[in-house]
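# Analysis of the macromolecular model
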Amino acid sequence: MAKYAELIPNFLTFVKINTRSDPQSTSIPSSDRETEFLNQLKDRLTKMGLKDVHTNEQSAYVFATLPGNVDKSVPTVGFISHIDTADFNAENIQPQIVENYDGHSVIKLDEKGEYTLDPKVFPSLKKYAGQTLITTDGSTLLGADDKAGVAEIIAAITYLQAHPEVKHGDIKIAFGPDEEIGTGADHFDVKDFGADVAYTVDGGPLGDLNYETFNAADAKVVIKGTDVHPAEAKGIMVNAIQVGMDFHAALPDFDRPEKTQDREGFFHLYDFQGTVDHTEMGYIIRDHDRDRFEARKRLFKGIANQMNSDFGEDRVKVTIKDQYYNMGEIIKKDPTPVKIAEQAMKNVDVTPHVFPVRGGTDGSKISYMGLPTPNIFAGGENMHGRFEYVSEQTMEKAVDVVLEIAKLYAEKQ
């Protein structure tokens with residue numbers, strides 16, 4: 001029998017529910033399907049007997065408390081996961097289970113074999129020999145990001161309820177929307193949550209532990225063209241598409257996601273919609289170092305200013321909105337939460353892999369709200385697409401780590 005009997009059944013149930021967030025929406029949550037799933041989780045937590053189960057009206061997060069069972073004052077620790085999935089097909093998710101994977105075979109996702117998990121393409125597969133993998137059917141993402149985290153937190157709470165001999169302080173849990181579109185934690189209510197320290201269970205493979213993230217901004221470029229007949233275009237036409245191409249070419253050639261790694265920042269063009277008359281481009285700007293981040297934004301605006309100067313009028317409009325900052329700047333002031341997580345991993349035979357994540361988590365924003373919130377692994381690989389998969393054994397280890405973190409805080413004086 002599995003150590004956490006409900007872990008995988010819950011996960012398989014959760015991922016089949018479409019909770020894709022909507023980047024075009026201005027509501028909280030961004031989609032009604034997220035609200036529906038959050039309400040289902042709220043009902044589940046209530047039936048589990050947790051205390052103070054409620055939806056925070058400001059943020060749409062579902063909060064709940066497992067009261068402590070120790071007779072001394074210890075820190076209140078929180079665990080947080082998001083319920084939305086990324087911008088990829090999430091309708092009719094049909095997870096597949098591959099038992100006792102041999103570590104080298106090609107896994108066929110769809111019946112035709114058009115999409116496969118091949119160790120030659122995805123070498124991470126090789127480390128899962130002998131384990132049970134959960135994959136997609138090739139037509140959708142899986143949703144391990146971050147329903148693995150949701151299922152793992154629920155499994156840990158269920159275990160603690162069934163094993164009162166395991167001592168712990170008050171544990172707060174939170175499930176929230178819209179992490180994937182960068183708005184979920186904008187209104188997170190730290191006071192209502194009530195934790196002294198927290199962890200997002202939203203990382204990748206076994207052992208991942210993140211307390212440094214990118215500084216991040218979203219940038220829009222809007223270009224006004226002049227459209228005339230090509231036969232009469234000389235000296236008159238301003239092709240907004242070409243101007244957009246010129247703008248992009250003015251950015252550093254190698255500062256792109258596909259050409260950078262580790263602490264190297266980038267400019268990422270993720271959307272380009274245009275006609276001769278009007279063109280719009282969407283970018284994300286990323287860097288771990290705050291000074292370099294600010295320099296990137298100045299460069300971005302400077303290109304537009306130079307182009308407008310050359311035109312003799314304002315044809316290129318740039319707007320930049322900061323999304324989140326490197327939470328390492330906060331956590332480095334008191335690295336205790338990271339040290340606790342490292343020790344917890346070692347205690348359950350997991351080797352910590354501490355590295356600056358090339359992205360962000362809800363913890364990026366929550367840490368700046370006054371609640372230190374590093375990120376621990378949930379198990380997903382190849383997230384955000386049809387090649388996503390997760391190991392059952394890694395998910396179990398994630399539950400082990402959550403439990404061990406709770407135990408270690410209960411031992412603090």
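This report concerns the structure included in the present document. Keep in mind that this is a model prediction, so the values were computed, not measured.

### Looking at the overall build of the protein
Summing up its helical and strand segments, the protein has 10 helices and 17 strands in all. A compact globule built from 413 residues should have a C-alpha radius of gyration of about 22 Å, and the protein, at 23 Å, falls within 12% of that. For the protein, the spread of C-alpha atoms along the principal axes amounts to about 85 × 50 × 35 Å. Looking at the protein residue by residue over its 413 residues, the buried ones come to 52%. Within the protein, contacts between residues at least 6 apart in sequence are counted, and of these 79% link residues at least 24 apart.

### What about the packing of aromatic side chains?
Summed over all chains, the structure comprises 18 aromatic pairs. Ring plane angle 70° and centroid distance 5.5 Å describe the contact between F14 and F37, whose orientation is recorded as edge-to-face. Taken together, the residues F14 in helix 1 (residues 7-15) and F37 in helix 2 (residues 32-47) connect sequence positions 23 residues apart. Taken together through their ring pairs, the aromatic side chains of Y61, F63, F188 and F193 make up a single cluster. Between R315 and the ring centre of F311, over which it is positioned, the NZ or CZ distance is 6.0 Å.

### A look at the sheet that holds strand 10 (residues 208-210)
The eight strands are arranged 1-2-8-3-9-16-10-15 in an open sheet whose pairing can be described as mixed. Among the strands making up the open sheet, the edge pair consists of strand 1 (51-55) and strand 15 (353-354). Across the sheet, helix 8 (residues 336-347) touches strand 9 (197-203), strand 10, strand 15 and strand 16 (375-377), and the angle it forms with strand 10 is around 175°.

### Focus: the pairing of strand 11 (residues 215-224)
Burial of strand 11 is extensive: seven of the 10 residues sit out of reach of the surface. Two elements, strand 11 and strand 13 (residues 278-287), share 10 bridges in a ladder whose sense is antiparallel. When the bridges of strand 13 are listed, K224 appears paired with H278. Judged from the eight bridges that link them, strand 11 and strand 14 (residues 316-324) form a sheet pairing that is antiparallel. Opposite D218, over in strand 14, you have K321 as the bridge partner.

### Overview of the packing of helix 1 against helix 10 (residues 392-410)
One can describe the packing of helix 1 onto helix 10 by two numbers: an axis separation of 11 Å at closest approach and a directional angle of 110°. Taken together, the axes of helix 1 and helix 10 lie roughly perpendicular to each other. Contacts from L7, I8 and F11 of helix 1 reach helix 10 at E392, M395, E396 and V399.

### Side note on helix 5 (residues 240-249)
What helix 5 keeps buried is the set A240, V243, G244 and F247. The buried residues of helix 5 occupy an angular sector of 100° when projected down its axis, which confines them to one face.

### Here's the deal with the pairing of strand 12 (residues 266-274)
With eight bridges connecting them, strand 12 and strand 13 associate as antiparallel partners. Bridge pairing links F272 to M281 in strand 13. Count of turn residues in the strand 12/strand 13 antiparallel hairpin: three residues.

### Points about the side chain of D118
With respect to the helices, strands and loops of the structure, D118 is situated in the loop between strand 6 (116-117) and strand 7 (133-135). Despite its burial, D118 pairs with no opposite charge, the nearest such side chain being K120 at 5.7 Å. At 2.9 Å, the side chain of D118 forms a polar contact with the backbone nitrogen of K120. Each residue touching D118, except ones within four places of it in the same chain, is listed here: V106 and L125.

### As for the sheet that holds strand 4 (residues 96-98)
Within the open sheet, the three strands sit side by side as 4-7-17. Their pairing is antiparallel. With one partner strand each, in any of the chains shown, strand 4 and strand 17 (389-391) form the two edges of the open sheet. With direction set aside, neighbouring strand axes in the sheet form an average angle of 25°. Of the pairings in the sheet, the one linking strand 7 to strand 17 comprises three bridges and is antiparallel in character.

### Thoughts on the packing of helix 3 (residues 144-162) against helix 10
Following both chains from N to C, one finds helix 3 and helix 10 inclined at 55°, their axes separated by 9 Å at the closest point. On the basis of their axis angle, the class for helix 3 and helix 10 is oblique. Note that helix 3 runs across helix 10; the crossing there is right-handed. Mapping the contact onto sequence places A148, A151, E152, A155, A156, Y159 and L160 in helix 3 and M395, A398, V399, V402 and L403 in helix 10. Residues that form the contact of helix 3 with helix 10 fall into these classes: 11 nonpolar, no polar and one charged.

### What to know about the environment of F293
Along the polypeptide, F293 turns up in helix 6 (residues 290-311). Placed 76 residues apart in sequence, F293 and A217 show a C-alpha to C-alpha distance of 8.8 Å. Beyond its immediate stretch of four places on either side in the chain, F293 contacts N215, A216, A217, I285, D287, D322 and Y325.

### Some words on the pattern of salt bridges
Taken as a whole and assessed by the stated rule, the structure comprises 18 salt bridges. Ionic pairing is found between K259 and D253, a salt bridge with its closest N-O pair at 3.9 Å. Owing to a relative accessible area of 39%, D253 belongs among the partly exposed residues under this scheme. One salt bridge in this structure joins D287 and R296, with 2.8 Å as the shortest N-O distance. On the accessibility criterion, R296 (11% relative accessible area) is buried. A single network of salt bridges, built from pairs that share partners, joins R290, E294, K297, D322 and E329.

Calculation criteria
Residues numbered from 1 in each chain as written. Predicted model: local features only at pLDDT ≥ 70, side-chain atom pairs only at ≥ 80, totals over all residues. Heavy atoms only, no water. Helix = DSSP H or I, 4+ residues; strand = E, 2+ residues; numbered from the N terminus. Rg over C-alpha atoms; globule rule 2.2 N^0.38 Å. Buried < 20%, exposed > 50% of the residue type's maximum accessible area, 1.4 Å probe, protein only. Contact = heavy atoms within 4.5 Å. Phe/Tyr/Trp six-rings, centres within 6.5 Å; stacked < 30°, edge-to-face > 60°. Lys NZ or Arg CZ within 6 Å of the ring centre and 35° of its normal. Pairing = 2+ DSSP bridges. Axes fitted to C-alpha atoms, helices over the stretch in contact; angles between N-to-C directions. Parallel < 35°, antiparallel > 145°, perpendicular 65-115°, else oblique. Arc of directions from axis to C-beta. Lys, Arg positive; Asp, Glu negative; His and termini not counted. Salt bridge = Lys/Arg side-chain N within 4 Å of Asp/Glu carboxyl O. Polar contact = N/O pair within 3.5 Å; in protein donor to acceptor, adjacent residues only side chain to side chain. Left-handed = near helix turned anticlockwise from the far one by under 90°. Nonpolar A, V, L, I, M, F, W, Y, C, P; charged D, E, K, R; others polar.

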